[in-house]
Amino acid sequence: MAKSASPSTRKARSSGRRSPLASVSLLVIGLLATGGAYALFTTSATAATSSQVSSMVSDGQKLFSSNCASCHGLAAQGSGVAPSLVGVGAASVDFQVGTGRMPGAASGPQLEKKPVQFTDAQVAALATYVATLGPGPSIPSSAYLTGKGEVATGAELFRVNCAMCHNVAGAGGALTEGKYAPPLAGSSAKHIYEAMVTGPQNMPVFNDLNITPEDKANIISYLKYLDKNPSPGGLDLGNLGPVSEGLFVWIFALGSVIAITVWLTAKSN
Amino acid sequence: MTVDTTAPASAPATSADLPPSNGTRVTNWAANYIDERTSISGLVKELGRKIFPDHWSFMLGEVALYSFVVILLSGTFLTFFFQPSMAVVTYDGSYAPLKGIQMSAAMSSTLNISFDIRGGLLLRQVHHWAALLFVASIGLHMLRIYFTGAFRKPREINWVIGFVLFVLALAEGFTGYSLPDDLLSGNGLRIIDGMVKGIPVVGTWISYLLFGGNFPGEAIVGRLYSLHILLLPAILVAALGAHMVLLIVNKHTQFAGPGRTEGNVVGSPIMPVFAAKAGGFFFIIFGVVMLTASFVTINPIWVYGPYDPSPVSAGTQPDWYIGFADGALRLIPHGWEFMLGPYTVSMNILVPVVGLVVFLAVVAAYPFFEAWVTGDKREHHIADRPRNAPTRTAIGAAGVTFYAVLWTAASSDLLATHFKLTIEGVITFLQVSVFVAPVIAYLVTKRICIALQKKDREIALHGFESGRIVRLPGGEYVEVHEQLSDYERWKLVSFDDHAPVMLRPNKDGKITVPARLRARASNWFFEDRIVPVSLTEIEASHGDQLTQEQVAVESR
């Protein structure tokens, strides 16, 4: 407290800041300001997002009509050659279009992975549009895609759940009637996650009760570990196991041995 | 550089006159010391003058021998660190994706060899690559013996011993493949378990005996380890010894050539030429294996993970030499097993198992079959060129094709994914091929052999077309044929000729069934044949053609 303060000012103070009404009015002002600001900001945010979403939806719808509707139908209701997309969710679209499998190049046993046909923004627009048709798996949170999960758990889950089709090293494998489980090397974490939740083509769905999101993250971490760490033993020969090893020993090892025997027994000219 | 048996290497006379150097004195003393106590000089003298002919295909058996030595050396290193136990442990080594995972001590110790023992991974890979090379070179060596007829008398026994070595090599390979107790080897064992259980009546009992209870049990790795490092190698080394002794007793075969007869061997003596070459060759083989093992991964058990009966990886295959058996299983159509009262009769397993045993038995017995067909009791030391035994070569080609189809079937899934085929299409194609392809191979090979023989005959008689057209004074145009030298012609004309056996009544005036069978087999073998060119034919042919000299004379 300043000692120089005069009694008159002290009095003025008690009638101002120290007035019994001051705290009440302050409270009212504070509440009004916070409430008003909150109302102001939230309404504007909602407005912006919804306008952005609605523009994405309309963009997506346009893209859909011109690129997808010929098979999937104008309302994505499906047709004899393509399934309904109602309720497949954003994750499914992001996977199929984001890996280039959709739009399909030709009908065949299975849709091939090929160069992606749309920009990321267009893929997002398509995904947003399809997500509005019905509830379905959404694009995974980036928290599960870091590749920093428990590698050992992921490896074990991968062996138990995935290796029978995709091979223990993720090198891919054959399915019936010309279908196949594709190799996983180089697949993005997001696409692996989306494949697990949506079960594209012949793949079964691994929902969150089957494999929890944390365990999905662990599996992704293991696959990323394989991507980042080359085989400690040298060339991995495509990780195809004894077949490629056998071919290697017959063609290269035995081939060079025979070349050497021919050289050793060659008559000097 | 060819040296005959009759030409002993004699030391230059001048060396005896010089006083011996210190080094020579030490060597002499050591040689004497050993000889006086072991009388080894007789053996060295005998062995050192053994002759080995020179041809690249004669070195394939050596490749097998040297890769076996590499296997022994690297395998010994591995036994220092491997624990053949199925006790459950928690892995705590350096490989992150398996840290904290429960596995058998066998798997854990193999991982430790791979990641935590200096040079362990390299030697594991050396061991495995050398094993693959070992079986591959045995296979190629057998094919060489077969196609050159080197299994004929007196070498039939050695063929059988060699066959036993081949089967032992397969057994060694499979037991070794199963030891690390990883996912791949466990799946392989599961297939063996299924095959054993498919045997009627005793199958299940044998399986329980083998695995010490229900599959996989806790005993199998230890038992396979005893077989892999003790029993099988002991038998293998013994059989290998017998194989080598018989090789020396029978002497090596040689290809026909001037100065080479059934009674001699032309080539290099063991001491010093062949021994030096062979020693060098061992290190070359060691080098090839070492280089392969340094740069190429084999059996990455860290990827396969520990064995667990539930997962089976896509693309699960045995090592290449068991592939033909796996392929046979894959080719059986579904639904062949049926119930007989309360018992399942697994024809889907019995048919391929019996088929493979019959196939192997045919391989082992072939020399005796051919000896029966030809009725040839002579000794043969001159190797046949494959074309000069068309039926044998064609049978061999059919056998190789049959094996190759089964082998291909073992990779049916990889064929489907890599060549964008359907796996069902691949299997159906191979199911047909396993019967049709050997027949085609037989017919085509036989025709090719006979065509080559015809070409040889033509060349032996009339020489090469030189491409030189000469106009004779009378206006006639002729193409000058260049004749072969006598040395070259010798290679084309000297081979055995067998005519089909004439079916005649025996001394009781009867035609027996075995005689009838033999006549038919002999007819099958030798009906289509090209007779070697005889001396009279060669002499007669010289009149037909204008040789270079004759043209030169006539156009002058």
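Small disclaimer: the values here were computed from a predicted structure and weren't measured.

Participant: Explain the overall build of chain B here, please?
Facilitator: Broken down by element type, chain B carries 21 helices and 10 strands. If you line up chain B on its principal axes, its C-alpha atoms span 95 × 80 × 60 Å. Sorting the 556 residues of chain B into buried and exposed places 47% on the buried side. When the accessible surface of chain B is split by element, carbon and sulfur atoms take 67% of a total near 28000 Å². Computed over 42 positive and 44 negative side-chain charges, the separation of the two mean positions in chain B equals 4 Å.

Participant: Before we go on, may I ask you to explain helix α2 (residues 22-38) of chain B in this structure?
Facilitator: Side chains three or four residues apart in an α-helix point the same way, a direct result of the helix having 3.6 residues per turn. Taking 1.5 Å of rise per residue, 17 residues should cover 24 Å, and α2 of chain B covers 24 Å from first to last C-alpha, within 8% of that figure. Trailing α2 of chain B by a residue or two, Ser39 of chain B shows a phi angle of about 50 degrees, which is positive.

Participant: Looking at this structure, I do not really get the confidence of the model for chain A. What am I missing?
Facilitator: Caution applies to low-pLDDT regions: their predicted coordinates should not be interpreted in detail. All names here are of chain A. Averaged over all residues, the pLDDT of chain A equals 85, while 88% of them reach at least 70. Of all helices and strands in chain A, the one with the weakest mean pLDDT is helix α1 (residues 7-15) (52), whereas helix α9 (residues 213-228) scores best (94). Contacts of residues 1-7 to residues separated by more than four positions or lying in other chains number 1 contact, the stretch itself having pLDDT below 50.

Participant: Teacher, can you tell me more about the packing of aromatic side chains here?
Facilitator: Ring pairs (aromatic) are described by centroid distance and by the angle formed between their planes. A complete count under the given rule lists 40 aromatic pairs over all chains for this structure. Judged by centre distance (5.9 Å) and plane angle (15 degrees), the rings of Tyr144 of chain A and Tyr193 of chain A are stacked. Taken together, the positions of Tyr144 of chain A in the loop between α5 (120-131) and α6 (151-161) and Tyr193 of chain A in helix α8 (residues 189-198) put the pair 49 residues apart, joining distant regions of the chain. Residue classification places Tyr193 of chain A among the buried residues on the basis of a relative accessible area of 6%. Taken together, a centroid distance of 5.5 Å and an interplanar angle of 50 degrees make the contact between Trp320 of chain B and Trp407 of chain B tilted.

Participant: What should I look at first to understand the pattern of salt bridges in this one?
Facilitator: Pairing between side chains of opposite charge can happen when the charged atoms of each approach one another. Residues and elements named next belong to chain B. A full pass over the atoms with the stated rule returns 21 salt bridges over all chains. In this structure, the salt-bridge partner of Asp376 is Arg378, at a minimum N-O distance of 3.0 Å. Given the relative accessible area of 14%, Asp376 is considered buried. A relative accessible area of 45% means that Arg378 is categorised as partly exposed. We note a salt bridge from Asp528 to Arg447, for which the minimum N-O separation is 2.9 Å. Of the two residues, Asp528 is situated in the loop between α19 (513-526) and α20 (535-541) and Arg447 in helix α17 (residues 423-462); the sequence distance between them amounts to 81 residues. For Arg447, a relative accessible area of 47% translates into the label partly exposed.

Participant: Help me out: how do you make sense of the environment of Gly186 of chain A in this one?
Facilitator: Residue and element names in this part refer to chain A. Relative to the helices and strands, Gly186 is located in the loop between β2 (180-181) and α8. Gly186 sits in the exposed class, given a relative accessible area of 56%. In sequence terms Gly186 and Asp227 are 41 residues apart; their C-alpha atoms lie 6.4 Å from each other.

Participant: Just checking my understanding: could you explain the interface of chain A and chain B for this structure?
Facilitator: In many analyses, interface size is given as the accessible surface area lost on bringing the parts together. Listed per partner, the contact involves 52 residues of chain A and 65 residues of chain B. Between chain A and chain B the total buried area reaches about 4500 Å² when both faces are included, carbon and sulfur atoms providing 71% of it. Counting the contacts that link chain A with chain B gives 1 salt bridge. Two residues, Glu112 of chain A and Lys420 of chain B, come together in a salt bridge whose shortest N-O distance is 3.6 Å. Counting across the interface, chain A meets chain B through 12 residue pairs in polar contact (both at pLDDT 80 or more). Of all the secondary-structure elements, those providing two or more residues to the side of chain A that touches chain B are α6, α7 (163-166), β1 (173-174), α9 and α10 (242-264) of chain A. If one sorts the elements of the side of chain A that touches chain B by residue count, α10 of chain A sits on top with 16 residues. A class-by-class count of the residues in the side of chain A that touches chain B yields 31 nonpolar, 15 polar and 6 charged.

Participant: Mind showing me how you'd approach the side chain of Ser137 of chain B here?
Facilitator: With respect to the secondary-structure elements, Ser137 of chain B resides in helix α6 (residues 120-147). Sequence-distant contacts of Ser137 of chain B, that is, excluding residues within four places in its chain, are made with Leu254 of chain A together with Leu60, Val63, Ala64 and Ser67 of chain B.

Participant: What is the right way to read the pairing of strand β10 (residues 477-482) of chain B from this model?
Facilitator: When a strand is regular, its side chains alternate between the sheet's two faces. Residues and elements named next belong to chain B. Relative to β10, strand β9 (residues 464-471) runs antiparallel, the two sharing 6 bridges. The residue bridging Arg471 from the neighbouring strand is Tyr477, located in β10. Hairpin connection of β9 to β10: 5 residues between the antiparallel strands, including Gly475 at a positive phi of 100 degrees.

Participant: Explanation requested: the domain arrangement of chain B in the structure shown.
Facilitator: All names here are of chain B. For chain B, the assigned domains read domain 1 (53-384) and domain 2 (463-554). On the side of domain 2, 15 residues touch domain 1, which itself brings 14 residues to the contact. Together domain 1 and domain 2 conceal approximately 1200 Å² of surface at their shared face, both sides included; 67% is due to carbon and sulfur atoms. Three residues, Pro258, Trp372 and Val373, lead the burial of domain 1 against domain 2; their summed loss comes to 44% of the area buried on that side. Note that Arg152 and Asp496 form a salt bridge whose closest N and O atoms lie 3.5 Å from each other. Linking domain 1 to domain 2 there are 3 residue pairs in polar contact (both at pLDDT 80 or more).

Participant: For this particular structure, what's the right way to read the packing of α10 of chain A against α6 of chain B?
Facilitator: For any two helices packed against each other, the geometry is given by the interaxial angle and the distance between the axes. Contact geometry for α10 of chain A and α6 of chain B: axes closest at 10 Å, N-to-C directions at 65 degrees. One element, α10 of chain A, and the other, α6 of chain B, form an angle in the roughly perpendicular class. As α10 of chain A packs across α6 of chain B, the resulting crossing turns out to be right-handed. Along its contact with α10 of chain A, which presents Glu245, Gly246, Phe248, Val249, Trp250, Ala253, Leu254, Val257 and Ile258 of chain A, the element α6 of chain B presents Trp129, Leu132, Leu133, Ala136, Ser137 and Leu140 of chain B. For the contact of α10 of chain A with α6 of chain B, the per-class residue count stands at 12 nonpolar, 2 polar and 1 charged.

Participant: How should I be thinking about the domain arrangement of chain A in this particular structure?
Facilitator: Residues and elements named next belong to chain A. Along its sequence, chain A is carved into domain 1 (30-139) and domain 2 (141-257). Once you take the C-alpha centre of each, domain 1 and domain 2 turn out to be 28 Å apart. In this assembly, 15 residues from domain 1 lie in contact with 15 residues from domain 2. Between domain 1 and domain 2 lies a buried interface of about 1300 Å² when both sides are counted; carbon and sulfur atoms form 50% of it. The largest per-residue losses of area from domain 1 upon contact with domain 2 belong to Phe95, Pro109 and Gln110, which jointly make up 42% of the total buried on that side. Inspection of the domain 1/domain 2 interface yields 1 salt bridge.

Participant: Help me understand unusual backbone geometry, please; the structure alone is not making it clear to me.
Facilitator: Leaving glycine aside, a negative phi is the common case for residues, and trans is the common case for peptide bonds. Here Met102 of chain A and Pro103 of chain A are connected by a cis peptide whose omega angle stands at -5 degrees. Along the chain, the position of Pro103 of chain A falls in the loop between α4 (89-98) and α5. Residues Lys153 of chain B and Pro154 of chain B are joined by a peptide bond in cis, for which omega reads 10 degrees. Within the secondary structure layout, Pro154 of chain B lies in the loop between α6 and α7 (156-178). Positive phi, close to 55 degrees, is recorded for Leu237 of chain A, a residue that is not glycine. According to the relative accessible area criterion, Leu237 of chain A is partly exposed, its value standing at 21%. Its identity as a non-glycine residue notwithstanding, Lys251 of chain B has a phi of 65 degrees, on the positive side.

Participant: Quick question: what am I supposed to make of a nonpolar patch on the surface here?
Facilitator: Residue and element names in this part refer to chain B. On the surface, a nonpolar cluster with roughly 660 Å² of combined accessible area is contributed by Trp29, Tyr33, Ile34, Ile40, Leu43, Val44 and Leu47. Elements supplying a minimum of two residues to the nonpolar patch: α2 and α3 (40-48). The element contributing the most residues to the nonpolar patch is α3, with 4 residues. Residue position: Leu47 is located in helix α3. Relative accessible area serves as the criterion here: at 30%, Leu47 is assigned to the partly exposed category.

What counts and what doesn't
- Residues numbered from 1 in each chain as written.
- Chains lettered and ligands numbered in written order.
- Predicted model: local features only at pLDDT ≥ 70, side-chain atom pairs only at ≥ 80, totals over all residues.
- Heavy atoms only, no water.
- Helix = DSSP H or I, 4+ residues; strand = E, 2+ residues; numbered from the N terminus.
- Buried < 20%, exposed > 50% of the residue type's maximum accessible area, 1.4 Å probe, protein only.
- Areas by Shrake-Rupley, 256 points an atom, 1.4 Å probe, with all protein chains shown as cover.
- Lys, Arg positive; Asp, Glu negative; His and termini not counted.
- Charge placed at Lys NZ, Arg CZ, Asp CG, Glu CD.
- Expected span 1.5 Å × (residues − 1).
- pLDDT = per-residue confidence, 0-100.
- Contact = heavy atoms within 4.5 Å.
- Phe/Tyr/Trp six-rings, centres within 6.5 Å; stacked < 30°, edge-to-face > 60°.
- Salt bridge = Lys/Arg side-chain N within 4 Å of Asp/Glu carboxyl O.
- Buried area = accessible area lost by both parts, 1.4 Å probe.
- Polar contact = N/O pair within 3.5 Å; in protein donor to acceptor, adjacent residues only side chain to side chain.
- Nonpolar A, V, L, I, M, F, W, Y, C, P; charged D, E, K, R; others polar.
- Pairing = 2+ DSSP bridges.
- Domains from an automatic or database assignment.
- Axes fitted to C-alpha atoms, helices over the stretch in contact; angles between N-to-C directions.
- Parallel < 35°, antiparallel > 145°, perpendicular 65-115°, else oblique.
- Left-handed = near helix turned anticlockwise from the far one by under 90°.
- Patch = residues over 30% accessible without salt bridge, like charges linked within 9 Å, V, L, I, M, F, W, Y side chains within 5 Å.

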